[in-house]
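Now for the letters of each chain:
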Amino acid sequence: MLKDFLILMKPELVVTAILFLLLFIKIGKGIKNETMLPLIQVLLLANFLLGFFFNQQGVLFEGAYSTTPLIVFQKNILSLGVYLISLLCTDWLKKSQNLPEFFMLMLSALLGMFFMISSGNLLIFFLSLELATIPVAAMANFDLDKKIASEAAMKMILSSAFSSGILLFGISLLYGATGTISFSELPQLLDGSPLQVLAFVFLFTAFAFKLSIVPFHLWTADVYEGSPIAVSSFLSVISKGSVAFIFISTLYKVFQPMHDVWYNMLVILAIATMVIGNLFAIRQQNIKRFLAFSSIAQVGFILVGISSNDHTGLTSVVYFVLIYVFSNLAAFGVASVISGQTGKENIDDYKGLYKTNPFLSWVLALALFSLAGIPPTAGFFGKLFLVTAGASNGSYGFITVVALNLIVSLYYYLRIIRAVFMDKNEQPIDKIKINPAAKLGLLICGAGIILVGVLSWIYDYINSLT
Amino acid sequence: MNVTQILFWFLSVLALFGALMVVTSKNPVHSVLWLIATFFSISGHYILLNAQFLAIVNIIVYAGAIMVLFLFVIMLMNLNKTTEPKKNRWLKLAGGVAGGCLLLVFIAALKSSEITQQTAEVKTGDIGLIKNLGRELFSTYVVPFEISSILFLSAMVGAVVIGKKE
């Protein structure tokens, strides 16, 4: 019993152990950031590597917690993302006054996401969703002397409290209509009565808030702009990825009897999300706001994959999130290095970057090509599988709109690449000396963007898990 | 109609009336006082369902501690008529229409569901007693319990970092 517990809950236990280690380091005598940060990076790397060993499949606490090879793989993707963020944002993290606290909050959010992906009933799901959100709102305020950071934290906590309220309302209605909160018992009791549909719409709304699906996206751009880049990248990659994982598994497993209802919702919301995300991304001047709207548009494409409702949809979404971790973190990483050294965050400042910083320019170009979905990069294969999965239902009108949106997204990603490589600038950003840790992070991201697309066994492996 | 039913209707009317007064009263302090009345009547409902622990906690934590915080904040912010923002008439209309639509959907959904034939079983069930609740909390629901302890820890860390000015 105890052995099962230790092995099955290993990812959560490791994260909790690191969390408390940081707490005790903080309580004890202070360690300088220069020694603290490499220690944390090693711990996070160990957390990621440990995810590959001693994995078993099983259920704990009468179905409240379950784990499968796919869930383990999803957790590994999230651990990898957190490790990469700790590398890429080295400049900002070193200057931070509260480094151990920052990682404590980040790890408790990660713990919440782990529990959320493994959750087997609505109670654990709700609590772990809260655990994955509230620490991030505190993290958004870590630029303590900036007013815009407080505004971002305030907006984040208010909108997440609102969405939690809607989620709880939906859960209580669902419990009233079916009499159970267990994910394994719910599918047999769902018959599509109006009350159940209403409860489901409320649950769906809460997911939409967390994934920033249009029209529930209004908090996204302000929060990304105000918070430190480490937090924006955590929100846009790790939070989005984890919620996408649990969203797809609840839709496919728990709400399968309501497939007709959520298929139509997904189609409408996917189109709205892609169109609005794309149109607003075109006119952004701040790189963080730009990446915020780009991430909204990317979520729209994830919804296209989810709408397929078979295992190709699941495979393509997990595969796309893996690629998205590399590409979006590379883009945020470049922004973080530049912002950490010069404080510049406007796209106009990036003009002529290639003249002074060729390495950063190439990584940024690779990341944006991957986000846009241009062939040699992994992003192309990710988009290809998502759209193929979405097309398996035979709704070709929908897929045509998706393809048109892909073209629009190409325009604004290339706009940045043109600014970096072709536009002339009197005073380009000076030559930046990149920190070795950040450089390692950028190289891992760049390698990931190319290799994940080229190595076909990765897709086959994910396919075998689903 | 026995005593329990009379109590149920009385408490329900009180809760709804209190909630309406919270929204409609002009003075924020009055709103808070009506909210306390609402919490007390909801605690009464908990007692009718034999959930004694929940009723007491609801009174101590919500009607007691949190409402005192609310009162403090409202008095510190010194809200009065001049600081109240002007509300757009069209915004009010839009809010009314949206709220009315939601109400309509709720009534329609509840009307056609089987839930209307089921009534709450008052005065039965002993899960709400402290002894049984504690046993459940530390056996069946031990994972959610531990998750919430980490949640509180991280909330505390976040609050300390934000509150502490160098």
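Residues numbered from 1 in each chain as written. Chains lettered and ligands numbered in written order. Predicted model: local features only at pLDDT ≥ 70, side-chain atom pairs only at ≥ 80, totals over all residues. Heavy atoms only, no water.

1. Some points on the overall build of chain A
The helix and strand tally for chain A stands at 21 helices and two strands. A compact globule built from 466 residues should have a C-alpha radius of gyration of about 23 Å, and chain A, at 21 Å, falls within 12% of that. Residues classed as buried in chain A amount to 63% of the 466 residues present. Sequence separation of 24 or more characterises 82% of the internal contacts of chain A that already satisfy a separation of 6 or more. Accessible area for chain A stands at about 17100 Å²; split by element, carbon and sulfur atoms hold 68% of it. Separation of charge centres in chain A, based on 27 positive and 23 negative side chains, amounts to 9 Å. (Helix = DSSP H or I, 4+ residues; strand = E, 2+ residues; numbered from the N terminus. Rg over C-alpha atoms; globule rule 2.2 N^0.38 Å. Buried < 20%, exposed > 50% of the residue type's maximum accessible area, 1.4 Å probe, protein only. Contact = heavy atoms within 4.5 Å. Areas by Shrake-Rupley, 256 points an atom, 1.4 Å probe, with all protein chains shown as cover. Lys, Arg positive; Asp, Glu negative; His and termini not counted. Charge placed at Lys NZ, Arg CZ, Asp CG, Glu CD.)

2. Concerning the overall build of chain B
Secondary structure assignment for chain B yields six helices and zero strands. Taking all 166 residues of chain B together, 23% fall into the buried category. In chain B, 58% of the contacts between residues at least 6 apart in sequence involve partners at least 24 apart. Of the roughly 12100 Å² of accessible surface on chain B, 73% is carried by carbon and sulfur atoms.

3. Looking at the packing of aromatic side chains
Residues and elements named next belong to chain A. Counted under the stated rule, the structure contains 35 aromatic pairs over all chains. Plain terms: the ring middles of Y354 and W362 are 6.0 Å apart, the flat faces sit at 90° to each other, and that makes the pair edge-to-face. Here a set of aromatic residues connected by ring pairs shows up, and it is made of F125, F200, F204, F207, F247 and F255. Its guanidinium or amino end placed over the ring of F301, K383 lies 4.7 Å from that ring's centre, counting from NZ or CZ. When the ring centre of F359 is taken as reference, the NZ or CZ atom of K439 above it lies at 5.0 Å. (Phe/Tyr/Trp six-rings, centres within 6.5 Å; stacked < 30°, edge-to-face > 60°. Lys NZ or Arg CZ within 6 Å of the ring centre and 35° of its normal.)

4. A closer look at the confidence of the model for chain B
Confidence along chain B averages 86 in pLDDT terms, with 89% of residues attaining 70 or more. Interface confidence in the predicted complex, given as ipTM, is 0.88; pTM for the same model is 0.92. (pLDDT = per-residue confidence, 0-100.)

5. Digging into the domain arrangement of chain B
Accessible area lost on assembly of the parts is the figure often given for the size of an interface. All names here are of chain B. You can read the domains of chain B as domain 1 (3-128) and domain 2 (130-166). At the interface, four residues of domain 1 touch four residues of domain 2. Buried area between domain 1 and domain 2, both sides added, is near 400 Å², and the carbon and sulfur share of it is 67%. Together, F53, D126 and I127 form the three largest contributors to the area buried by domain 1 at its contact with domain 2, with a combined 86%. The tally of links from domain 1 across to domain 2 stands at zero salt bridges. For the pair domain 1 and domain 2, the interface holds zero residue pairs in polar contact (both at pLDDT 80 or more). (Domains from an automatic or database assignment. Buried area = accessible area lost by both parts, 1.4 Å probe. Salt bridge = Lys/Arg side-chain N within 4 Å of Asp/Glu carboxyl O. Polar contact = N/O pair within 3.5 Å; in protein donor to acceptor, adjacent residues only side chain to side chain.)

6. Brief notes about the interface of chain B and chain A
Taken residue by residue, the interface counts 25 residues in chain B and 34 residues in chain A. The three residues of chain B that bury the most area against chain A are I147, I150 and V161 of chain B, which together make up 21% of that side's buried surface. Linking chain B with chain A are zero salt bridges. At the junction of chain B with chain A, the criterion picks out zero residue pairs in polar contact (both at pLDDT 80 or more). Of all the elements in the fold, those that place two or more residues in the side of chain B that touches chain A are α4 (89-111) and α6 (142-163) of chain B. Counting residues per element, the side of chain B that touches chain A draws most heavily on α6 of chain B, which supplies 13 residues. Split into classes, the residues belonging to the side of chain B that touches chain A amount to 16 nonpolar, six polar and three charged. (Nonpolar A, V, L, I, M, F, W, Y, C, P; charged D, E, K, R; others polar.)

7. What about the nonpolar core?
Core analysis: the largest hydrophobic core is formed by 193 residues, its most contacted members being F102, F103, F234 and I306 of chain A. Here the element with the most residues in this core is helix α15 (residues 311-342) of chain A; it accounts for 19 residues. If sequence neighbours within four positions are ignored, F234 of chain A has contacts with V82, I85, M106, A109, M113, V136, M139 and S239 of chain A. Core analysis: the next-biggest nonpolar cluster, separate from the first, contains six residues, V32, I36, M67 and I74 of chain B among them. (Core = buried A, V, L, I, M, F, W, Y, C linked by side-chain atoms within 4.5 Å.)

8. Remarks on the packing of helix α10 (residues 194-211) of chain A against α4 of chain B
As a packed pair, α10 of chain A and α4 of chain B sit with axes 7 Å apart at the nearest point and diverge in direction by 135°. With respect to their mutual orientation, α10 of chain A and α4 of chain B come out oblique. Contact with α10 of chain A, carried on its side by P194, L195, L198 and F202 of chain A, involves V105, F106, A109 and L110 of chain B of α4 of chain B and no other residues of that element. Residue classes in the contact of α10 of chain A with α4 of chain B are distributed as eight nonpolar, no polar and no charged. (Axes fitted to C-alpha atoms, helices over the stretch in contact; angles between N-to-C directions. Parallel < 35°, antiparallel > 145°, perpendicular 65-115°, else oblique.)

9. Notes on the environment of D145 of chain A
Residue and element names in this part refer to chain A. Take D145: it is sitting in the loop between α7 (122-140) and α8 (147-178). The exposure class assigned to D145 is exposed, which follows from its relative accessible area of 73%. Sequence separation between D145 and G58 is 87 residues; the distance between their C-alpha atoms is 47 Å.

10. Examining the side chain of S154 of chain B
If you trace the backbone, S154 of chain B turns up in helix α6. Leave out the neighbours within four places in its chain, and S154 of chain B touches L105, S108, L131 and P135 of chain A.

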